[in-house]
Amino acid sequence: MVAECGETRARAGLLHTQHGTIETPVFMPVGTQATVKGLTQRDLAEDLGVRILLANTYHLCLRPGPDLIRAMGGLHRFMSWENAILTDSGGFQVFSLSGLRKVTEDGVLFRSHLNGDLHTFTPESTVDAQLAFGSDILMALDECVPYPASHEYAQESLGRTLRWARRAAERHRCAIAESATRHALFPIVQGSMFPDLRRECAAALVDLDADGYAIGGLSVGEPRPVSLAMVEATEDILPRSRPRYAMGVGMPVELPEYVARGVDMMDCVLPSRNARNGSLFTSAGRVIIKHARYKEDPLPLDEKCQCYTCKRYSRAYLRHLFLSGEILYAALATRHNIQRYLDIMREIRHAILSGKYPEYLRTVRSDCAAAG
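Residues numbered from 1 in each chain as written. Predicted model: local features only at pLDDT ≥ 70, side-chain atom pairs only at ≥ 80, totals over all residues. Heavy atoms only, no water.

For the rest of this paragraph, the subject is the overall build of the protein. When you go through the protein residue by residue, the secondary structure sums to 15 helices and 17 strands. Relative to the compact-globule value of 21 Å for 372 residues, the protein shows a C-alpha radius of gyration of 20 Å, a close match. In terms of principal-axis extent, the alpha carbons of the protein reach across some 60 × 50 × 40 Å. For the protein, with 372 residues in total, the buried portion stands at 56%. Across the protein, every contact between residues at least 6 apart in sequence was considered, and the portion connecting residues at least 24 apart equals 68%. Counting only carbon and sulfur atoms, one obtains 50% of the accessible surface of the protein, whose full area is about 16,300 Å². Charge centroids of the protein, computed over 43 positive and 43 negative side chains, lie 4 Å from each other. (Helix = DSSP H or I, 4+ residues; strand = E, 2+ residues; numbered from the N terminus. Rg over C-alpha atoms; globule rule 2.2 N^0.38 Å. Buried < 20%, exposed > 50% of the residue type's maximum accessible area, 1.4 Å probe, protein only. Contact = heavy atoms within 4.5 Å. Areas by Shrake-Rupley, 256 points an atom, 1.4 Å probe, with all protein chains shown as cover. Lys, Arg positive; Asp, Glu negative; His and termini not counted. Charge placed at Lys NZ, Arg CZ, Asp CG, Glu CD.)

Time to look at the sheet that holds strand β9 (residues 118-121). Taking strand neighbours across the sheet as the criterion, the 3 strands line up as β7-β8-β9 in an open arrangement whose pairing is antiparallel. This sheet does not close on itself; its edge strands, each paired only once, are β7 (101-103) and β9. Taken pair by pair, the neighbouring strands of this sheet meet at an average axis angle of 15°, ignoring direction. When β7 meets strand β8 (residues 108-111), the two strands line up antiparallel, connected through 3 bridges. Bridging across to β8, Lys 102 finds its partner in Leu 109. (Pairing = 2+ DSSP bridges. Axes fitted to C-alpha atoms, helices over the stretch in contact; angles between N-to-C directions.)

Counted by the stated rule, this structure contains 8 aromatic pairs. Where Tyr 58 meets Phe 110, the ring centres are 5.6 Å apart and the plane angle is 45°; that geometry is what we call tilted. One end of the pair, Tyr 58, is in helix α2 (residues 57-62); the other, Phe 110, is in strand β8, with 52 residues separating them in the sequence. For the pair Tyr 58 and Phe 110, a shared accessibility class is recorded, and that class is buried. Taken together, Phe 27, Phe 281 and Tyr 341 form an aromatic cluster joined through their ring pairs. (Phe/Tyr/Trp six-rings, centres within 6.5 Å; stacked < 30°, edge-to-face > 60°.)

Okay, the nonpolar core next. Counting residues in hydrophobic clusters, the biggest one holds 76 residues, and the most contacted among them are Leu 44, Leu 75, Tyr 258, Met 266, Ile 348 and Tyr 357. Top element by residues in this core is helix α14 (residues 327-353). It accounts for 8 residues. What Ile 348 contacts, discounting residues up to four positions off in sequence, is Pro 25, Leu 255, Pro 256, Val 259, Tyr 357 and Tyr 360. Core analysis: the second largest hydrophobic core is formed by 18 residues, Met 28, Ile 137, Ile 188 and Met 247 among them. (Core = buried A, V, L, I, M, F, W, Y, C linked by side-chain atoms within 4.5 Å.)

Structural data, given as structure tokens:
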């Protein structure tokens, strides 16, 4: 750990991987199918300074498959990416296929959304797939419970997630015993929106002495204060010496809140998905670029932003591209939104290192309240 905030649980650290050291807190752009839609790897690494991104095990297992990726030299070489990669277990995607899957003690039997073929994910097979990818950080298979859920079902699911985590940890331990490269495994804290179950799960997972810990089952429809409360429920149980990863969060104003609760790593599809849909995040709030007010607006999207999009193009031009359905719009908008998220993380880290995080957090909350 490099620095900690005495008033909150925020901390700044360094995460060491075989593909580089990452400054935390960190936001990871989502490259679901080994690509962040609209951007090249050069855009991400050289222009935006991304040091770690996320890829999706479910999608990559279906297409092109772990065997092909291994044969191509692993995911880094396949997608020409020299920095770190975290792959999720595919659990969230599988469990979103509510009518196409069956959960058993062994794992999950599901039908591909592409062609209907049957597939099985087990704790062992998802570890094997991610090792075939050569991922720097692997996630253990978990059961992501929909919201709302009963306490009874959440507890039953929690027990299954814990048993799967132990199996994944054993498979990972055996697989890397003779490996010349480093591949970390993070189990995932579940328990729906019940603090007692979250704490029970976290305490059991700590016994695995894992490389890091993820907090899953967030952003599944619950109110945002509830999501933050679930992070708080486990923060004092998860070891401070290991990275904590809040999965699938959040809006720009929420990032500092998760960091204040001890989170080191976050990912979310919002910056890229919202960009493609015409919703752009700026230092002054959100811009819906299709609005008529921007038709003749010569200003950059965000005058405080130093990204390529803001330095070169006007709001009027971006609106024109969006309404015309031009591919260039998605590239320029995605570049800006990801830059905005990365800038927020840099502000957060700087505030922690300078001992001013409480003041930074109060300013963010005040601005948010003023914006309504």
